[in-house]
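# Working through the structure, step by step
Below are the chains, spelled out letter by letter.
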Amino acid sequence: MYAHWRTGVYFLDWNSDSLNGGIVKHLEPFPSATETLIEVNEFVVTDDHLYGAAGDAFGCYKWELEEPNKLITTYRPKYGGYLHSVHKIPDSDLLLCGGEDGILEVWDTVKDERIDCLTMDDSVKWIASCRARDHDWWTVAGGTAAGGFIATWHGPTRSL
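This write-up is about the structure you can find in this document. Throughout this document, residue positions are counted from 1 along each chain, in the order its sequence is written. pLDDT decides what is reported in this predicted model: residues at 70 or higher carry local features, side-chain atom pairs at 80 or more are listed and counted, and totals for whole chains, interfaces and linings draw on all residues regardless. Water and hydrogen atoms play no part in the side-chain values, which are based on all heavy atoms of the structure.

### A closer look at the pairing of strand β5 (residues 49-54)
Only protein chains enter the accessibility calculation, which uses a 1.4 Å probe; a residue is then buried when its area is under 20% of its type maximum, exposed when over 50%, and partly exposed in between. Counting from the N terminus, the helices are the DSSP runs of H or I reaching at least four residues and the strands are the DSSP runs of E reaching at least two. Counting buried residues along β5, six of its six residues qualify, which places the element largely inside the surrounding structure. Side-chain alternation along β5 places His49, Tyr51 and Ala53 on one buried face and Leu50, Gly52 and Ala54 on a second face that is also buried. Pairing between strands is defined by DSSP: at least two bridges between the two strands are required. Sheet topology note: the strand β4 (residues 40-45)/β5 ladder contains five bridges and is antiparallel. Of the residues in β5, the one forming a bridge with Val45 is Leu50. The antiparallel pairing of β4 with β5 creates a hairpin that spans three residues between the two strands. Pairing of β5 with strand β6 (residues 60-64) involves five bridges; the strand directions are antiparallel. Residue pairing in the sheet places His49 in a bridge with Glu64 of β6.

### Digging into the nonpolar core
The tendency in soluble globular proteins is for nonpolar side chains to be buried as a group. Nine residue types can take part in a nonpolar core, namely buried Ala, Val, Leu, Ile, Met, Phe, Trp, Tyr and Cys, and a core is a set of them joined through side-chain atoms within 4.5 Å. Of all hydrophobic cores here, the largest spans 16 residues; its most connected members are Leu96, Leu104, Met120, Trp138, Val140 and Trp153. Of all the secondary structure elements, the ones that give two or more residues to this core are β9 (94-99), β10 (103-108), β12 (124-132), β13 (137-144) and β14 (147-154). Of the residues forming this core, the biggest block, four residues, is contributed by β12. For Leu104, the contacting residues outside a window of four places in its chain are Leu96, Cys97, Asp116, Cys117, Leu118, Ile127, Cys130, Trp138, Val140 and Trp153. Note on contacts: a residue pair is in contact if any heavy atoms of the two residues lie within 4.5 Å.

### A word on the sheet that holds strand β11 (residues 113-119)
Sheet architecture is open: four strands sit in the order β8-β9-β10-β11, paired in antiparallel fashion. Unpaired on one side and paired on the other, β8 (83-88) and β11 mark the two borders of the sheet. Averaged over neighbouring strand pairs, the angle between their axes works out to 20 degrees when direction is ignored. Judged from the four bridges that link them, β9 and β10 form a sheet pairing that is antiparallel. Bridge pairing in β10 places Leu95 opposite Trp107. Fitted lines through C-alpha atoms serve as axes, helices being fitted only where they are in contact, and the angles separating the N-to-C directions of these axes extend from 0 to 180 degrees.

Structure follows, in structure tokens:
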């Protein structure tokens, strides 16, 4: 499986010799209201769903994997901006999203609602990557006017 910045997410059969490159499934976001190209910058797959951090007006896409091309919902960033990173917290129903607004958002994937918006500090300009070791410890990396940064959050207390 790979994400393509122009056309969504493709599932591939690497053992296929077919002319279409072994494409098994193609998930394409709705056309963006503000962009001519559709981007999926990063994705994460769970048992039932695929989440794609999008570089367009929609935020994070949530697709059902059982039904081809069934978009369930989108998680829209509270303050706008493109998303660069999405990560599912292991052994939980929580999803982390970060992007151009410099805010780490926490989403409940069962209720499909935002739980929290975590602000780094005033110097953070964007979040390039977010990862969770477990429910307790999350790592965020990105950029500031002065250069890059890496930070660790304590998940239960939401403290930097």
